[in-house]
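Read off the chains here:
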Amino acid sequence: MILVVGGAGYIGSHLVKELVEKEEVVVLDNLSTGHRESVDSRAIFVKGDLGNEEDLDMIFKSYPIKAVMHFAANSLVGESVTDPLKYYENNVAATLTLLKVMTKFKVKNFIFSSTAAAYGIPTVEMIDETTPTAPINPYGHSKLMVEQILADFSKAYGLHYVVLRYFNAAGAHESGVIGESHDPETHLIPIILQQLLGQREKISVFGSDYDTKDGTCIRDYIHVTDLAAAHILALEALLEGKKTAEVYNLGNGLGFSVKEVIETCEKVTGKQANVEMADRRAGDPARLVASSAKIDSELGWKAQRNLEKIIVDAWNWHQNQRY
Ligand SMILES: NC(=O)c1ccc[n+]([C@@H]2O[C@H](COP(=O)([O-])OP(=O)(O)OC[C@H]3O[C@@H](n4cnc5c(N)ncnc54)[C@H](O)[C@@H]3O)[C@@H](O)[C@H]2O)c1
(Lines give C-alpha, C1' and ligand atoms only; values in the text may rest on other atoms or scores of the structure.)
Protein backbone atom coordinates (compact mmCIF):
# COMPACT_ATOMS: atom_id res chain seq x y z
CA MET A 1 0.00 0.00 0.00
CA ILE A 2 1.20 3.50 -0.87
CA LEU A 3 0.58 6.59 1.28
CA VAL A 4 0.02 9.75 -0.76
CA VAL A 5 0.28 12.84 1.43
CA GLY A 6 -1.42 15.82 -0.21
CA GLY A 7 -3.30 13.48 -2.56
CA ALA A 8 -6.35 15.77 -2.66
CA GLY A 9 -4.31 18.55 -4.26
CA TYR A 10 -3.86 19.34 -7.93
CA ILE A 11 -0.86 17.16 -8.77
CA GLY A 12 -1.47 14.57 -6.03
CA SER A 13 -5.02 13.82 -7.22
CA HIS A 14 -3.76 13.17 -10.76
CA LEU A 15 -1.09 10.83 -9.45
CA VAL A 16 -3.67 8.98 -7.31
CA LYS A 17 -5.91 8.45 -10.34
CA GLU A 18 -3.06 6.63 -12.13
CA LEU A 19 -1.67 4.87 -9.07
CA VAL A 20 -4.95 3.19 -8.05
CA GLU A 21 -4.69 1.17 -11.27
CA LYS A 22 -1.56 -0.54 -9.87
CA GLU A 23 -1.47 -0.24 -6.09
CA GLU A 24 -3.67 0.14 -3.04
CA VAL A 25 -3.59 3.79 -2.03
CA VAL A 26 -4.28 5.73 1.15
CA VAL A 27 -4.44 9.52 0.91
CA LEU A 28 -3.72 11.83 3.85
CA ASP A 29 -4.78 15.44 3.32
CA ASN A 30 -5.98 18.26 5.58
CA LEU A 31 -7.93 19.82 2.67
CA SER A 32 -6.31 23.22 3.34
CA THR A 33 -5.95 23.78 -0.41
CA GLY A 34 -7.12 20.39 -1.74
CA HIS A 35 -10.54 19.05 -2.66
CA ARG A 36 -12.12 15.88 -1.31
CA GLU A 37 -14.01 15.41 -4.63
CA SER A 38 -10.72 15.17 -6.52
CA VAL A 39 -9.65 11.95 -4.77
CA ASP A 40 -10.39 8.82 -6.79
CA SER A 41 -13.03 6.71 -5.01
CA ARG A 42 -10.76 3.64 -5.15
CA ALA A 43 -8.33 5.29 -2.68
CA ILE A 44 -8.85 5.34 1.09
CA PHE A 45 -9.11 8.95 2.26
CA VAL A 46 -7.98 10.12 5.70
CA LYS A 47 -8.53 13.74 6.66
CA GLY A 48 -5.60 14.70 8.83
CA ASP A 49 -2.44 16.71 9.12
CA LEU A 50 1.05 15.84 8.07
CA GLY A 51 2.44 17.59 11.14
CA ASN A 52 0.24 15.58 13.52
CA GLU A 53 2.11 12.55 14.82
CA GLU A 54 -1.10 10.88 16.04
CA ASP A 55 -2.68 11.05 12.56
CA LEU A 56 0.47 9.53 11.09
CA ASP A 57 0.80 6.83 13.78
CA MET A 58 -2.78 5.78 13.12
CA ILE A 59 -2.12 5.40 9.39
CA PHE A 60 1.16 3.50 9.72
CA LYS A 61 -0.41 1.19 12.35
CA SER A 62 -3.54 0.56 10.28
CA TYR A 63 -2.06 0.02 6.82
CA PRO A 64 0.99 -1.86 5.50
CA ILE A 65 2.63 1.19 3.91
CA LYS A 66 5.62 0.37 1.71
CA ALA A 67 6.26 3.84 0.29
CA VAL A 68 5.22 7.45 0.81
CA MET A 69 4.68 10.08 -1.88
CA HIS A 70 4.72 13.56 -0.41
CA PHE A 71 2.91 16.36 -2.30
CA ALA A 72 1.62 18.37 0.67
CA ALA A 73 3.00 21.89 0.96
CA ASN A 74 2.18 25.53 0.78
CA SER A 75 3.48 26.81 -2.51
CA LEU A 76 2.74 30.49 -3.06
CA VAL A 77 6.07 32.23 -3.56
CA GLY A 78 4.81 35.72 -2.61
CA GLU A 79 3.11 34.47 0.54
CA SER A 80 6.30 32.66 1.55
CA VAL A 81 8.11 36.03 1.57
CA THR A 82 5.52 37.72 3.80
CA ASP A 83 4.80 34.67 6.00
CA PRO A 84 7.92 32.47 6.11
CA LEU A 85 6.85 30.90 9.41
CA LYS A 86 3.91 29.20 7.65
CA TYR A 87 6.30 27.80 5.01
CA TYR A 88 8.99 26.53 7.32
CA GLU A 89 6.35 25.08 9.66
CA ASN A 90 4.29 23.27 7.03
CA ASN A 91 6.89 22.46 4.38
CA VAL A 92 9.86 21.67 6.62
CA ALA A 93 8.80 20.97 10.24
CA ALA A 94 5.70 18.95 9.31
CA THR A 95 7.71 16.96 6.75
CA LEU A 96 10.23 16.19 9.49
CA THR A 97 7.39 14.75 11.58
CA LEU A 98 6.41 12.53 8.66
CA LEU A 99 10.00 11.34 8.22
CA LYS A 100 10.32 10.71 11.95
CA VAL A 101 7.21 8.50 11.96
CA MET A 102 8.38 6.71 8.80
CA THR A 103 11.70 5.99 10.53
CA LYS A 104 9.84 4.67 13.58
CA PHE A 105 7.75 2.31 11.43
CA LYS A 106 10.76 1.38 9.25
CA VAL A 107 9.15 2.57 6.03
CA LYS A 108 12.07 3.17 3.71
CA ASN A 109 10.78 4.58 0.41
CA PHE A 110 9.97 8.23 -0.17
CA ILE A 111 9.16 10.43 -3.18
CA PHE A 112 9.25 14.17 -2.69
CA SER A 113 7.71 17.02 -4.73
CA SER A 114 10.40 19.63 -5.11
CA THR A 115 10.54 22.56 -7.46
CA ALA A 116 12.39 24.62 -10.06
CA ALA A 117 12.42 27.33 -7.37
CA ALA A 118 15.34 25.39 -5.87
CA TYR A 119 17.51 26.86 -8.67
CA GLY A 120 16.66 30.52 -8.02
CA ILE A 121 17.82 32.61 -10.99
CA PRO A 122 20.02 30.30 -13.04
CA THR A 123 22.11 31.67 -15.88
CA VAL A 124 22.18 28.53 -18.03
CA GLU A 125 19.89 27.89 -21.02
CA MET A 126 18.93 24.38 -19.92
CA ILE A 127 18.78 23.66 -16.19
CA ASP A 128 20.00 20.20 -15.27
CA GLU A 129 20.54 18.62 -11.87
CA THR A 130 24.16 19.83 -11.75
CA THR A 131 23.05 23.47 -12.03
CA PRO A 132 23.78 25.05 -8.63
CA THR A 133 20.79 25.41 -6.31
CA ALA A 134 20.31 28.93 -4.98
CA PRO A 135 16.72 29.66 -3.94
CA ILE A 136 15.67 33.30 -3.69
CA ASN A 137 12.57 32.94 -1.51
CA PRO A 138 11.44 30.99 1.58
CA TYR A 139 9.33 28.62 -0.54
CA GLY A 140 12.39 27.52 -2.54
CA HIS A 141 14.49 27.35 0.63
CA SER A 142 11.88 25.22 2.38
CA LYS A 143 11.95 22.66 -0.44
CA LEU A 144 15.74 22.57 -0.60
CA MET A 145 15.94 22.11 3.17
CA VAL A 146 13.80 18.99 2.86
CA GLU A 147 16.09 17.74 0.08
CA GLN A 148 19.02 18.12 2.49
CA ILE A 149 17.12 16.34 5.28
CA LEU A 150 16.42 13.44 2.88
CA ALA A 151 20.11 13.12 1.98
CA ASP A 152 21.03 13.04 5.69
CA PHE A 153 18.28 10.52 6.55
CA SER A 154 19.43 8.37 3.68
CA LYS A 155 22.98 8.18 5.03
CA ALA A 156 22.01 7.78 8.68
CA TYR A 157 18.84 5.63 8.56
CA GLY A 158 18.93 4.04 5.12
CA LEU A 159 15.95 5.99 3.76
CA HIS A 160 15.59 5.49 0.00
CA TYR A 161 14.25 8.54 -1.83
CA VAL A 162 13.65 10.22 -5.13
CA VAL A 163 13.30 14.01 -5.32
CA LEU A 164 11.36 15.30 -8.33
CA ARG A 165 11.90 18.97 -9.15
CA TYR A 166 8.90 20.01 -11.21
CA PHE A 167 8.86 23.01 -13.47
CA ASN A 168 5.38 24.42 -14.31
CA ALA A 169 2.71 21.76 -13.81
CA ALA A 170 -0.26 22.39 -16.08
CA GLY A 171 -3.19 20.72 -17.83
CA ALA A 172 -5.86 18.42 -16.45
CA HIS A 173 -6.93 14.80 -16.60
CA GLU A 174 -8.02 13.92 -20.12
CA SER A 175 -11.46 12.85 -18.83
CA GLY A 176 -12.16 16.37 -17.56
CA VAL A 177 -13.15 14.90 -14.19
CA ILE A 178 -10.26 16.42 -12.22
CA GLY A 179 -8.09 19.45 -12.86
CA GLU A 180 -6.48 22.50 -11.33
CA SER A 181 -8.45 24.52 -8.78
CA HIS A 182 -6.42 26.87 -6.61
CA ASP A 183 -7.65 29.91 -4.72
CA PRO A 184 -5.96 32.25 -5.28
CA GLU A 185 -4.91 31.04 -8.71
CA THR A 186 -1.39 32.20 -9.57
CA HIS A 187 -0.59 29.91 -12.51
CA LEU A 188 -0.61 31.31 -16.03
CA ILE A 189 -2.69 28.80 -18.00
CA PRO A 190 -5.70 28.68 -15.63
CA ILE A 191 -5.60 32.47 -15.36
CA ILE A 192 -5.74 32.83 -19.17
CA LEU A 193 -8.53 30.27 -19.49
CA GLN A 194 -10.54 31.90 -16.69
CA GLN A 195 -10.23 35.22 -18.50
CA LEU A 196 -11.38 33.61 -21.74
CA LEU A 197 -14.39 32.23 -19.86
CA GLY A 198 -15.24 35.73 -18.60
CA GLN A 199 -14.30 34.89 -15.00
CA ARG A 200 -11.61 37.61 -14.86
CA GLU A 201 -11.44 40.97 -16.48
CA LYS A 202 -7.89 40.81 -17.82
CA ILE A 203 -4.58 38.98 -17.89
CA SER A 204 -1.56 40.93 -16.62
CA VAL A 205 1.74 40.11 -18.32
CA PHE A 206 4.56 41.01 -15.98
CA GLY A 207 7.45 42.41 -18.04
CA SER A 208 7.78 42.74 -21.81
CA ASP A 209 11.42 43.84 -21.95
CA TYR A 210 13.19 40.62 -20.99
CA ASP A 211 16.05 39.40 -23.14
CA THR A 212 13.85 36.75 -24.81
CA LYS A 213 12.48 36.38 -28.36
CA ASP A 214 9.34 38.47 -27.68
CA GLY A 215 10.34 40.19 -24.41
CA THR A 216 8.11 38.08 -22.13
CA CYS A 217 9.31 35.41 -19.69
CA ILE A 218 9.93 31.87 -20.89
CA ARG A 219 8.81 28.91 -18.80
CA ASP A 220 8.68 25.13 -19.15
CA TYR A 221 5.16 23.63 -18.93
CA ILE A 222 4.63 19.99 -18.15
CA HIS A 223 1.35 18.09 -18.36
CA VAL A 224 0.17 16.89 -14.95
CA THR A 225 -0.42 13.39 -16.36
CA ASP A 226 3.21 13.26 -17.52
CA LEU A 227 4.21 14.22 -13.96
CA ALA A 228 2.07 11.40 -12.60
CA ALA A 229 3.78 8.93 -14.94
CA ALA A 230 7.21 10.03 -13.68
CA HIS A 231 6.13 9.36 -10.09
CA ILE A 232 5.09 5.84 -10.96
CA LEU A 233 8.45 5.15 -12.63
CA ALA A 234 10.25 6.60 -9.60
CA LEU A 235 8.18 4.42 -7.29
CA GLU A 236 8.97 1.28 -9.28
CA ALA A 237 12.69 2.15 -9.24
CA LEU A 238 12.61 2.53 -5.44
CA LEU A 239 10.58 -0.62 -4.82
CA GLU A 240 12.86 -2.66 -7.09
CA GLY A 241 15.90 -1.26 -5.27
CA LYS A 242 17.29 0.29 -8.46
CA LYS A 243 17.48 3.77 -6.95
CA THR A 244 18.27 4.82 -3.40
CA ALA A 245 18.97 8.56 -3.46
CA GLU A 246 18.22 10.54 -6.62
CA VAL A 247 17.19 14.00 -7.74
CA TYR A 248 15.48 14.49 -11.11
CA ASN A 249 14.17 17.50 -12.99
CA LEU A 250 10.77 17.16 -14.61
CA GLY A 251 10.01 19.47 -17.48
CA ASN A 252 9.09 19.39 -21.14
CA GLY A 253 12.52 20.64 -22.19
CA LEU A 254 10.76 23.29 -24.27
CA GLY A 255 10.39 26.87 -23.24
CA PHE A 256 7.34 28.92 -24.16
CA SER A 257 7.00 32.66 -23.66
CA VAL A 258 4.00 34.12 -21.87
CA LYS A 259 2.89 35.58 -25.23
CA GLU A 260 3.14 32.19 -26.94
CA VAL A 261 1.07 30.57 -24.19
CA ILE A 262 -1.63 33.23 -24.56
CA GLU A 263 -1.62 32.76 -28.35
CA THR A 264 -1.93 28.97 -28.00
CA CYS A 265 -4.86 29.41 -25.58
CA GLU A 266 -6.54 31.72 -28.10
CA LYS A 267 -5.99 29.19 -30.87
CA VAL A 268 -7.36 26.25 -28.85
CA THR A 269 -10.42 28.12 -27.58
CA GLY A 270 -11.12 30.32 -30.60
CA LYS A 271 -11.45 33.32 -28.24
CA GLN A 272 -9.50 36.55 -27.90
CA ALA A 273 -7.77 37.33 -24.60
CA ASN A 274 -7.83 40.72 -22.88
CA VAL A 275 -4.15 41.31 -22.08
CA GLU A 276 -2.54 44.14 -20.12
CA MET A 277 1.22 44.69 -20.10
CA ALA A 278 2.52 45.34 -16.57
CA ASP A 279 5.87 45.96 -14.88
CA ARG A 280 8.27 43.13 -14.14
CA ARG A 281 7.83 41.34 -10.81
CA ALA A 282 10.82 41.09 -8.48
CA GLY A 283 12.57 37.73 -8.65
CA ASP A 284 11.15 36.53 -11.99
CA PRO A 285 13.96 35.03 -14.09
CA ALA A 286 13.74 35.62 -17.86
CA ARG A 287 13.98 31.93 -18.70
CA LEU A 288 13.44 28.70 -16.73
CA VAL A 289 13.68 25.57 -18.86
CA ALA A 290 14.53 22.09 -17.61
CA SER A 291 16.70 19.43 -19.05
CA SER A 292 15.03 16.14 -18.13
CA ALA A 293 17.78 14.09 -19.81
CA LYS A 294 18.73 12.39 -16.53
CA ILE A 295 15.31 10.87 -15.80
CA ASP A 296 14.98 9.97 -19.47
CA SER A 297 18.24 8.01 -19.52
CA GLU A 298 17.87 6.44 -16.05
CA LEU A 299 14.12 5.73 -15.79
CA GLY A 300 13.00 6.04 -19.40
CA TRP A 301 10.68 8.99 -18.78
CA LYS A 302 9.82 11.51 -21.48
CA ALA A 303 7.12 14.16 -21.56
CA GLN A 304 4.45 12.82 -23.94
CA ARG A 305 2.10 15.81 -24.10
CA ASN A 306 2.86 19.15 -25.76
CA LEU A 307 1.63 22.66 -24.91
CA GLU A 308 -1.42 22.36 -27.12
CA LYS A 309 -2.52 19.12 -25.43
CA ILE A 310 -1.97 20.75 -22.02
CA ILE A 311 -4.28 23.61 -23.01
CA VAL A 312 -6.91 21.36 -24.68
CA ASP A 313 -7.21 19.29 -21.47
CA ALA A 314 -7.17 22.35 -19.20
CA TRP A 315 -9.86 24.02 -21.33
CA ASN A 316 -12.00 20.89 -21.17
CA TRP A 317 -11.71 21.00 -17.36
CA HIS A 318 -12.27 24.74 -16.86
CA GLN A 319 -15.42 24.81 -18.99
CA ASN A 320 -17.09 22.29 -16.66
CA GLN A 321 -15.10 22.80 -13.48
CA ARG A 322 -16.54 20.59 -10.76
CA TYR A 323 -14.79 21.99 -7.67
N1 LIG B 1 1.87 23.21 -9.22
C2 LIG B 1 3.11 23.36 -9.65
O3 LIG B 1 3.35 23.86 -10.76
C4 LIG B 1 4.28 22.92 -8.81
C5 LIG B 1 5.58 23.16 -9.29
C6 LIG B 1 6.66 22.73 -8.52
C7 LIG B 1 6.45 22.06 -7.33
N8 LIG B 1 5.18 21.87 -6.88
C9 LIG B 1 5.00 21.14 -5.60
O10 LIG B 1 4.15 20.05 -5.84
C11 LIG B 1 3.34 19.78 -4.71
C12 LIG B 1 1.89 19.74 -5.11
O13 LIG B 1 1.53 20.99 -5.70
P14 LIG B 1 0.02 21.31 -6.08
O15 LIG B 1 0.03 22.37 -7.11
O16 LIG B 1 -0.70 20.04 -6.33
O17 LIG B 1 -0.48 21.96 -4.71
P18 LIG B 1 -1.92 21.85 -4.01
O19 LIG B 1 -1.99 23.00 -3.06
O20 LIG B 1 -2.99 21.72 -5.03
O21 LIG B 1 -1.81 20.49 -3.21
C22 LIG B 1 -1.23 20.38 -1.94
C23 LIG B 1 -2.11 19.44 -1.12
O24 LIG B 1 -1.50 19.26 0.17
C25 LIG B 1 -2.49 19.42 1.20
N26 LIG B 1 -1.79 19.84 2.42
C27 LIG B 1 -1.07 20.98 2.61
N28 LIG B 1 -0.54 21.00 3.85
C29 LIG B 1 -0.94 19.84 4.47
C30 LIG B 1 -0.73 19.28 5.75
N31 LIG B 1 -0.04 19.94 6.69
N32 LIG B 1 -1.28 18.08 6.03
C33 LIG B 1 -2.01 17.41 5.09
N34 LIG B 1 -2.25 17.89 3.86
C35 LIG B 1 -1.73 19.10 3.54
C36 LIG B 1 -3.46 20.44 0.63
O37 LIG B 1 -4.74 20.39 1.23
C38 LIG B 1 -3.49 20.03 -0.85
O39 LIG B 1 -4.47 19.04 -1.07
C40 LIG B 1 3.70 20.85 -3.69
O41 LIG B 1 4.63 20.30 -2.80
C42 LIG B 1 4.31 21.96 -4.52
O43 LIG B 1 5.24 22.70 -3.76
C44 LIG B 1 4.10 22.27 -7.59
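In the block above lies the structure referred to throughout.
These lines cover the structure that appears in this document, whether it is placed above or below. Keep in mind that this is a model prediction, so the values were computed, not measured.

To continue, consider the overall build of the chain. Secondary structure summary: the chain contains 10 helices and 14 strands in total. At 19 Å, the chain has a C-alpha radius of gyration in line with the 20 Å of a compact globule built from 323 residues. Seen through its principal axes, the chain has C-alpha atoms that stretch 55 × 40 × 40 Å. A total of 323 residues make up the chain; the buried ones form 55% of that total. Put simply, 77% of the contacts in the chain that link residues at least 6 apart link residues at least 24 apart. Where the 32 positive side-chain charges of the chain centre and where its 43 negative ones centre are 3 Å apart.

Moving on, we come to the site of the ligand. Around the ligand sit 29 residues in total, of which Asp29, Thr33, Asn90, Tyr139 and Lys143 are the nearest. At a separation of 2.7 Å, an oxygen atom of the ligand approaches a polar side-chain atom of threonine 33. In this structure, alanine 169 approaches the ligand through a main-chain N or O atom, which is 3.1 Å from an oxygen atom. When the ligand sits alone it has 830 Å² of accessible area, and the protein chains cover 96% of it. Those elements giving two or more residues to the shell around the ligand turn out to be helix H1 (10-19), strand E5 (109-115) and helix H5 (138-157). A per-element tally of the shell around the ligand places E5 first, with 3 residues.

Once that is clear, we can look at the nonpolar core. Membership of the largest hydrophobic core comes to 37 residues, with the highest contact counts inside it found for Val4, Leu15, Leu19, Met69 and Leu250. Among the elements of the structure, strand E1 (2-5), H1, strand E2 (25-29), strand E4 (67-70), strand E6 (160-166), helix H7 (224-239), strand E11 (245-250) and helix H9 (293-299) are those that each provide at least two residues to this core. It is H7 that contributes the most residues to this core, 9 residues altogether.

Conventions used here
Residues numbered from 1 in each chain as written. Predicted model: local features only at pLDDT ≥ 70, side-chain atom pairs only at ≥ 80, totals over all residues. Heavy atoms only, no water. Helix = DSSP H or I, 4+ residues; strand = E, 2+ residues; numbered from the N terminus. Rg over C-alpha atoms; globule rule 2.2 N^0.38 Å. Buried < 20%, exposed > 50% of the residue type's maximum accessible area, 1.4 Å probe, protein only. Contact = heavy atoms within 4.5 Å. Lys, Arg positive; Asp, Glu negative; His and termini not counted. Charge placed at Lys NZ, Arg CZ, Asp CG, Glu CD. Near = heavy atom within 4 Å. Polar contact = N/O pair within 3.5 Å; in protein donor to acceptor, adjacent residues only side chain to side chain. Areas by Shrake-Rupley, 256 points an atom, 1.4 Å probe, with all protein chains shown as cover. Core = buried A, V, L, I, M, F, W, Y, C linked by side-chain atoms within 4.5 Å.

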